[in-house]
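Chain by chain, the residues run as shown.
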Amino acid sequence: MSSENSSADDARQVWDVVVVGAGPAGASAAYAAAVAGRRVLLLEKAELPRYKTCGGGIIGPSRDALPPGFELPFRDRVHAVTFSHNGRFTRTRRSRQMLFGLINRPEFDQQLVEHAQKAGAELRTGVTVTRVEQHGSAVPDRRTVAVVLQGGETVLAHAVVGADGSASRIGAHVGVKLDQVDLGLEAEIPVPETVAEDWRGRVLIDWGPMPGSYGWVFPKGDTLTVGVISARGEGAATKRYLEDFIGRLGLSGFEPSISSGHLTRCRADDSPLSRGRVLVCGDAAGLLEPWTREGISFALRSGRLAGEWAVRIAEAHDAVDTRKQALNYAFAVKAGLGVEMSVGKRMLAVFERRPGLFHAALTGFRPAWRAFKDITQGSTSLGELVRAHPLAQRALAAMDRRPAGPAADEVSS
């Protein structure tokens, strides 16, 4: 950029990159753009730290996508998983190596934001973005995007990253299309030391009563995070599942400190990831694993990519170059996360029909447990596993084809 342009920018305060939303996706994007030496503004509507409905499991791909020197604020380290099928056929499997770690989102998100700030990003909290404009009177030229805040203030940028969650305003601007919407309900339950001790280092995963549903217990010191997830539209049944689940676990007598709900939204295959100089990532783009609905690793990885490509878009001098960089971003997302999502969709379709088969495999078939360990520890991904193992390809293809028989859910009995 020439010095004349630079001084003109300074006079009107044009940021290289503005990131909307300071969750894991937004903080990762801001970090990536700031590390590249760009002027980055990170906008967040809440005051930090803030609570998010989230199990808080940090699997290998999440750990590997963190900034250098990031110390994970683990509340527990998981070495055992208890699996059950709607409260029955309970079996625990153990691992000598840690499977994954558990964090509280307020601490984790705050720490990510601090890393972005140390890299040079500027943070503004308590700011609601109402819309972005790429044409019109608010936009001085074709290389600039106007980010309009509640109250009328306008912030200018050469590139914008939308990381404003699953009900994203920026996602609406880009035209994100959703394929799958699920309702997650969660309770943070403080428990006495005797109960906490019983759960230390162990999580529970329960395959639930509605198609595609499951529940979890994640221990975090003196609190258990207990949640369930199921397809949207099953609100009453999902609520009942959580109540029954908590009751079965003997936790009904403890008062939750927080009870919350959250919709997770999964993108359609042809959903756009950009429009002009605006990119979306994380939940705002509908990027998450469709079967488990795991979103943190998708947020961290897509956020980092969005930050890196936003830098290139900020430097683009015309619409052709902007389009090229945006297409490169979409390709980078689809080549990695997109492959994992397509396998996840197939897994969910099979799981919806045959949860008992999954339970039997994970509790009684060593290669399935090994695959679970490898994915959570980060030595492979769902996509790589299916691509690299002919046995996994054949098993998934066979399950794709087989209709669920009447006894499909009773495999484990």
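Residue indices follow the written sequence of each chain, beginning from 1 at its first position. Residues qualify for local features only when their pLDDT is at least 70, as the model is predicted, and side-chain atom pairs are given and counted only at 80 or more; totals for whole chains, interfaces and linings, by contrast, use all residues. Side-chain numbers here rest on the full set of heavy atoms in the structure, without hydrogens or water.

> Explain the nonpolar core residue by residue, including any values.
Think of a nonpolar core as a cluster: buried Ala, Val, Leu, Ile, Met, Phe, Trp, Tyr and Cys residues, connected wherever their side-chain atoms sit within 4.5 Å. Throughout this description, buried means an accessible area under 20% of the type-specific maximum (1.4 Å probe, protein chains only), exposed means over 50%, and partly exposed covers the range between. Grouped together as the largest cluster of nonpolar side chains are 70 residues, with contacts concentrated most on Val18, Phe108 and Val147. Secondary structure follows DSSP: runs of H or I at least 4 residues long count as helices, runs of E at least 2 residues long count as strands, and numbering of each begins at the N terminus. Of the residues forming this core, the biggest block, 10 residues, is contributed by helix α8 (residues 296-315). Every residue pair with non-hydrogen atoms within 4.5 Å of one another is taken to be in contact. With near-sequence residues (within four places) excluded, Val147 lies in contact with Val18, Leu43, Val129, Arg131, Val132, Glu153, Thr154, Val155 and Val160. Residues Met347, Leu348, Leu362 and Val386 belong to the second largest nonpolar core, which totals 26 residues.

> Before we move on, could you go through the pairing of strand β12 (residues 178-190) and cite the residues and values that matter?
Among the 13 residues in β12, 10 count as buried, and that is most of the element. Being paired, for any two strands, means DSSP has found at least two bridges between them. In the sheet, β12 pairs with strand β16 (residues 258-267) via 10 bridges, with the strands oriented antiparallel. Residue pairing for β16: Ala187 is matched across the bridge by Ser259. Examined bridge by bridge, β12 and strand β15 (residues 223-231) share 9 bridges and lie antiparallel to one another. Paired with Leu183 across the two strands is Ser230, which belongs to β15.

> Talk me through helix α2 (residues 24-35); I want residue IDs and the actual numbers.
The terminal C-alpha atoms of α2, which comprises 12 residues, lie 16 Å apart, in line with the 16 Å expected from a rise of 1.5 Å per residue. The element α2 is extensively covered by neighbouring structure, given that 11 of its 12 residues are classed as buried. Restricting attention to buried positions, one finds in α2 the residues Pro24, Ala25, Gly26, Ala27, Ser28, Ala29, Ala30, Tyr31, Ala32, Ala33 and Ala34. Just downstream of α2 lies Gly37, where phi reads positive at about 90 degrees. Between the first and last residue of a helix there are one fewer steps than residues, each counted as 1.5 Å, and that sum is the expected span.

> Which residues make up the pattern of salt bridges, and what values do they have?
The working definition used for a salt bridge is a side-chain nitrogen of Lys or Arg within 4 Å of a carboxyl oxygen of Asp or Glu. In this structure the tally under the stated criterion is 17 salt bridges. Between Arg75 and Glu107 there is a salt bridge, with its nearest N and O atoms 2.9 Å apart. Of this pair, Arg75 sits in the loop between α3 (60-64) and β4 (76-78) while Glu107 sits in helix α4 (residues 105-118), placing them 32 residues apart in sequence. Judged by its relative accessible area of 39%, Arg75 falls in the partly exposed class. A salt bridge links Arg202 to Asp198; the shortest N-O distance between them is 3.7 Å. Members of the salt-bridge network, linked through shared partners, are Arg50, Arg105 and Asp109.

> Requested: an account of the side chain of Glu294, with residues and values cited.
Within the secondary structure layout, Glu294 lies in the loop between β18 (278-280) and α8. Buried within the structure, Glu294 lacks any salt-bridge partner; its nearest side chain of opposite charge belongs to Arg301, at an N-O separation of 5.0 Å. Whenever a nitrogen or oxygen atom comes within 3.5 Å of another N or O atom, the pair is scored as a polar contact, on the condition that within protein one atom can donate a hydrogen and the other can accept it, and that pairs from neighbouring residues in sequence are kept only if both atoms are in side chains. Only 3.0 Å separates the side chain of Glu294 from the backbone nitrogen of Ile296, close enough to count as a polar contact. The contact partners of Glu294, leaving out residues within four places of it in the chain, are Ile59, Ser62, Leu288 and Glu289. In this count, Lys and Arg are taken as positive residues and Asp and Glu as negative ones, while His and the chain termini are left out.

> Could you give an account of the UniProt feature "domain: FAD-binding" (unreviewed entry) in the chain, naming the residues involved and the relevant values?
On the UniProt side, "domain: FAD-binding" (unreviewed entry) is annotated at positions that read residues 16-179 here. In this annotation, residues 16-179 is assigned 23% helix and 34% strand; the end-to-end C-alpha distance for the span is 32 Å. UniProt positions are given in the numbering used here, feature names are shortened, and annotations may be inferred rather than shown by experiment.

> Can you lay out the packing of α8 against helix α9 (residues 319-353) for me, pointing to particular residues and giving the numbers?
Only the stretch in contact is used when a helix axis is fitted, and all axes are lines through C-alpha atoms; the angle between N-to-C directions ranges over 0 to 180 degrees. Between α8 and α9, whose axes approach to 9 Å, the crossing angle comes to 165 degrees. Relative to α9, the element α8 is oriented roughly antiparallel. You can see that α8 and α9 cross each other, and the crossing is right-handed. For the pair α8 and α9, the contacting residues are Phe298, Arg301, Ser302, Leu305, Ala306, Trp309, Arg312 and Ile313 in the first and Thr322, Gln325, Ala326, Asn328, Tyr329, Ala332, Val333, Leu337, Glu340 and Met341 in the second. Lys, Arg, Asp and Glu make up the charged group, whereas Ala, Val, Leu, Ile, Met, Phe, Trp, Tyr, Cys and Pro make up the nonpolar group; the residues left over, Gly among them, are polar. A breakdown of the residues in the contact of α8 with α9 according to their chemical character gives 11 nonpolar, 4 polar and 3 charged. Any angle that falls under 35 degrees is termed roughly parallel, while one over 145 is termed roughly antiparallel, one within 65 to 115 roughly perpendicular, and all others oblique. By convention the crossing between two helices is left-handed if the near helix lies anticlockwise of the far one by an angle smaller than a right angle, and right-handed if it lies clockwise.

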